[in-house]
Amino acid sequence: MKNIKNICIIAHIDHGKTTLSDRILEITGAIEPRKMREQYLDSMDIERERGITIKSHPLRVFYKSKKGELYEINIVDTPGHVDFTYEVDRSMAAVEGAILLVDATQGVQAQTVANTYKALEHDLEIIPVINKIDLPNANIEETESEIEDLIGIPRDEIHKISAKEGTGVEELLELILEKIPAPTGNESNKLKALIFDAKYDKYRGVIIYVRVFDGIVKPGDKIMIFSNRQTYEVSEVGAFTPEMTPTKSLKAGDIGYIIAGIKEVSLARVGDTITSAIEPIETPLPGYQEIKPMVYAGMYPGVPEYYEELRKALEKLKLNDSALVYKPDHSPALGFGFRCGFLGLLHMDVVKERLTREFDMTVILTAPNVEYKIILKDGTEILINDPAKFPEEGEIQEIYEPYIKLSIITPPEYIGKLMNLVQTERRGVMISTENAGHERVVLIFEVPLAEIVFDFFDRMKAVSRGYASMDYEFIGYRKSDLVKVAVLVNKEPVDALSIIAHKSKAYTVARKLVDKLAELIPQHQFEIPIQAKAGGRIIARSTIKALRKDVLAKCYGGDVTRKMKLLEKQKEGKKRMREIGRVSIPQEAFLAMLRIG
Ligand code: GTP
């Protein structure tokens, strides 16, 4: 086992993780570069196109050191997006070391720092590497200062490479052998393996990616998944070379895959422990958590008749995505659909996109919400993630909302604009600032999650001309002065249009709501008051004036066809209307409302 090295690569998007893996595969002669690219990159088109790899296959290569010894090196991927921090954590639990890869033209980014701290918590040996040194605009010295200041690694320990040209990559492999500790563990102990990823395959069922810590697993073995006590018979084990290649067994220290007839990924979740069904271990590996969605939204089929198809599509997606949760829901405005929970906004986009591409489904997503914790007057505690279901003001004792610690790394010239964005517009509070090198500042805030789920990332990029990067982590629920802004159309409450807002913003939100609605609801024969109510009082009002004449008055008597046409048209229009009391509200109005935050 001493000749195994297990590592992960920590890198910001586009800092060169894939290029470095390519080069390592090439140097170790694992596979021809061209074939590899097709292989390695096939997994998820959507992520590729967006430049975000959620996770790619691990790699196993053999490398003969300069001293002539043969080593097995396993490289595990870490997702590069804040939605997937738990997966990063579990990938790190599967290895002994990390390569911290920083692009010399871009410097250290917020997520790189967060992930490096995480690696330190896992006691990983870190090898800092500056990439793209071949580029004329590479700013090596500044990048060195940033790594030194932010992560506390002395600059003389930083290795420099060009993953593209191959400069320094072989030396990096030697450094891995020298610095990364060999895995510990014992083949003769009972089986103990960590699930650090799982994929669903149409033909083979779930493929579990594991790191074996103790014992051996081979085809024919009976295994048990610790958290749910389900048992399965192993049909295949193997390594990623990078394609899945069957092996006789996986032993303590190894990284590879297990196939055991598991039907869906939610039965073999990331972070769970695999042991022998015959001789199970008593305590699982530490750190297993059920992943909890952070962001919720209503999802409705573009055409109501496709509800059943949407249900089937979600069921299939769930096979491969244990983080997705959904339950049937109904909205008076949008009909039958689902209330879905996601890890974050990117996860939500990926699900929506996959529904379109893989299932040909167009869906309507409502504005994302967070989950509020409400203590009712009678002492019961409830969780609400749909504003329409918010209890009445009089029943509520206290409301709590999720808070995050937000870190932003930015060139100093954008500090003012970013502070304004977070503090003035988004209820954030600055906790600290810190210089990193000469060209970067780290800003730390505490902010309600609800304030960043909607368009924050784009706004941050806009005010910093794309230079700022962010990372966040959930820090807990905090008591908050929130109110439900309810809407009344012609004095009738319309639940689907309710919004949860902070008291300080309630008036502005209410004003926007009533004005927008007044614009979108067509005139009727009578006057329609549109009101917004919060804390038991009307806080904004707008009025839609009555129509003076009815439509037919335009056709002076005789022309029957024209009259018919007009009536037809009116009927068409009515189909997409929802009746609320005596008022017809077009569906577009509901959708537009759902996007006001
Ligand atoms: P994601 O998978 O999207 O997270 O990106 P990544 O970190 O895998 O980056 P990738 O390897 O795709 O590299 C991003 C871009 O940088 C590509 O256009 C590479 O060709 C380029 N690149 C990577 N390494 C180097 C390098 O050493 N020198 C130069 N000049 N370009 C590089």
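Everything numeric here is computed off the predicted structure, so don't read it as measured data. (Residues numbered from 1 in each chain as written. Predicted model: local features only at pLDDT ≥ 70, side-chain atom pairs only at ≥ 80, totals over all residues. Heavy atoms only, no water.)

1. A closer look at unusual backbone geometry
- P242 follows T241 through a cis peptide bond whose omega is 0 degrees.
- Tracing the sequence through the fold places P242 in the loop between β12 (236-240) and β13 (244-247).
- One non-glycine residue, D14, adopts positive backbone phi at about 70 degrees.
- Its place among the elements puts D14 in the loop between β1 (4-11) and α1 (17-27).
- The backbone phi angle of R229 is positive, close to 60 degrees, even though this residue is not glycine.
- As for its position among the elements, R229 is in the loop between β10 (222-225) and β11 (231-233). (Helix = DSSP H or I, 4+ residues; strand = E, 2+ residues; numbered from the N terminus.)

2. Considerations on the UniProt feature "binding site: GTP" (unreviewed entry) in the protein chain
- Residues annotated in UniProt with the feature "binding site: GTP" (unreviewed entry) correspond here to D14, H15, G16, K17, T18, T19, N131, K132, I133 and D134.
- Relative to the assigned elements, K132 resides in the loop between β5 (125-131) and α6 (140-151).
- The class of K132 is partly exposed, set by a relative accessible area of 21%.
- In this view, K132 contacts D14, H15, D103, A104, A138, I161 and S162; residues no more than four positions away in its chain are not counted.
- A distance of 2.8 Å separates a polar atom in the side chain of K132 from the backbone oxygen of D14.
- Tracing the backbone shows D134 in the loop between β5 and α6.
- Residues in contact with D134, not counting those within four places in the same chain, are S162 and E165. (UniProt positions renumbered as here; feature names shortened; annotations may be inferred. Buried < 20%, exposed > 50% of the residue type's maximum accessible area, 1.4 Å probe, protein only. Contact = heavy atoms within 4.5 Å. Polar contact = N/O pair within 3.5 Å; in protein donor to acceptor, adjacent residues only side chain to side chain.)

3. What about the pairing of strand β2 (residues 59-64)?
- By the bridge criterion, 6 bridges tie β2 to strand β3 (residues 70-76) in an arrangement that is antiparallel. Bridge pairing in β3 places R60 opposite N74.
- Hairpin connection between β2 and β3: a loop of 5 residues separates the two successive antiparallel strands, and G68 in this loop has a positive phi of roughly 95 degrees. (Pairing = 2+ DSSP bridges.)

4. Let's talk about the sheet that holds strand β18 (residues 325-331)
- Read from one edge of the open sheet, 4 strands run β18-β19-β17-β20, paired in antiparallel fashion. Two strands lie at the open edges of the sheet, namely β18 and β20 (363-365), each paired on one side alone. Mean inter-strand twist for the sheet, computed between neighbouring axes without regard to direction, equals 30 degrees.
- In the sheet, strand β17 (residues 295-301) pairs with strand β19 (residues 335-342) via 5 bridges, with the strands oriented antiparallel. Within the sheet, the bridge partner assigned to A297 lies in β19 and is C340. (Axes fitted to C-alpha atoms, helices over the stretch in contact; angles between N-to-C directions.)

5. Here's the deal with the packing of aromatic side chains
- Within the structure shown, the criterion is met by 9 aromatic pairs.
- Here the aromatic rings of F474 and Y477 are separated by 6.0 Å at their centres, their planes lie at 80 degrees, and the arrangement is edge-to-face.
- In this structure an aromatic cluster arises from ring pairing among F196, Y209, F240 and Y257.
- We note R211 situated over the ring of F213; from NZ or CZ to the ring centre the distance is 4.3 Å.
- It is R229 that lies over the ring of F226; its NZ or CZ is 4.7 Å from the centre. (Phe/Tyr/Trp six-rings, centres within 6.5 Å; stacked < 30°, edge-to-face > 60°. Lys NZ or Arg CZ within 6 Å of the ring centre and 35° of its normal.)

6. A look at the confidence of the model for the protein chain
- In the predicted model, the protein chain carries a mean pLDDT of 86, and 88% of its residues have values of at least 70.
- Taken as a whole, residues 38-44 scores under 50 in pLDDT and shows 13 contacts with residues more than four places along the chain or in a different chain.
- Quick note on the complex model: pTM equals 0.80, ipTM equals 0.97. (pLDDT = per-residue confidence, 0-100.)

7. Examining the pattern of salt bridges
- What the rule picks out here adds up to 30 salt bridges.
- With its nearest N and O atoms 2.9 Å apart, the salt bridge here joins R459 to E425. Of this pair, R459 sits in helix α11 (residues 456-463) while E425 sits in helix α10 (residues 415-425), and the two are 34 residues apart along the sequence.
- We note a salt bridge from E451 to K505, for which the minimum N-O separation is 2.9 Å. Highlighted residues: E451 in the loop between β25 (440-448) and α11 and K505 in helix α12 (residues 503-520), separated in sequence by 54 residues.
- Note on E451: relative accessible area 10%, which makes it buried.
- Residue K505 is classed as partly exposed on the basis of its relative accessible area of 25%.
- Members of the salt-bridge network, linked through shared partners, are E144, E148, R155 and K160. (Salt bridge = Lys/Arg side-chain N within 4 Å of Asp/Glu carboxyl O.)

8. Let's talk about the packing of α10 against α11
- Between α10 and α11, the shortest axis-to-axis distance is 9 Å and the interhelical angle comes to 150 degrees. For the element pair α10 / α11, the angle class is roughly antiparallel. Classified by chirality, the crossing of α11 by α10 is right-handed. Together, K417, L418, L421, V422 and E425 of α10 and F456, R459, M460 and V463 of α11 make up the contact between the two elements.
- A breakdown of the residues in the contact of α10 with α11 according to their chemical character gives 6 nonpolar, no polar and 3 charged. (Parallel < 35°, antiparallel > 145°, perpendicular 65-115°, else oblique. Left-handed = near helix turned anticlockwise from the far one by under 90°. Nonpolar A, V, L, I, M, F, W, Y, C, P; charged D, E, K, R; others polar.)

9. Description of the side chain of N385
- Structurally, N385 is set in the loop between β22 (381-384) and β23 (396-410).
- Among the residues examined, N385 registers a relative accessible area of 13% and is labelled buried.
- For N385, the side chain forms a polar contact with the side chain of E371, separated by 3.0 Å.

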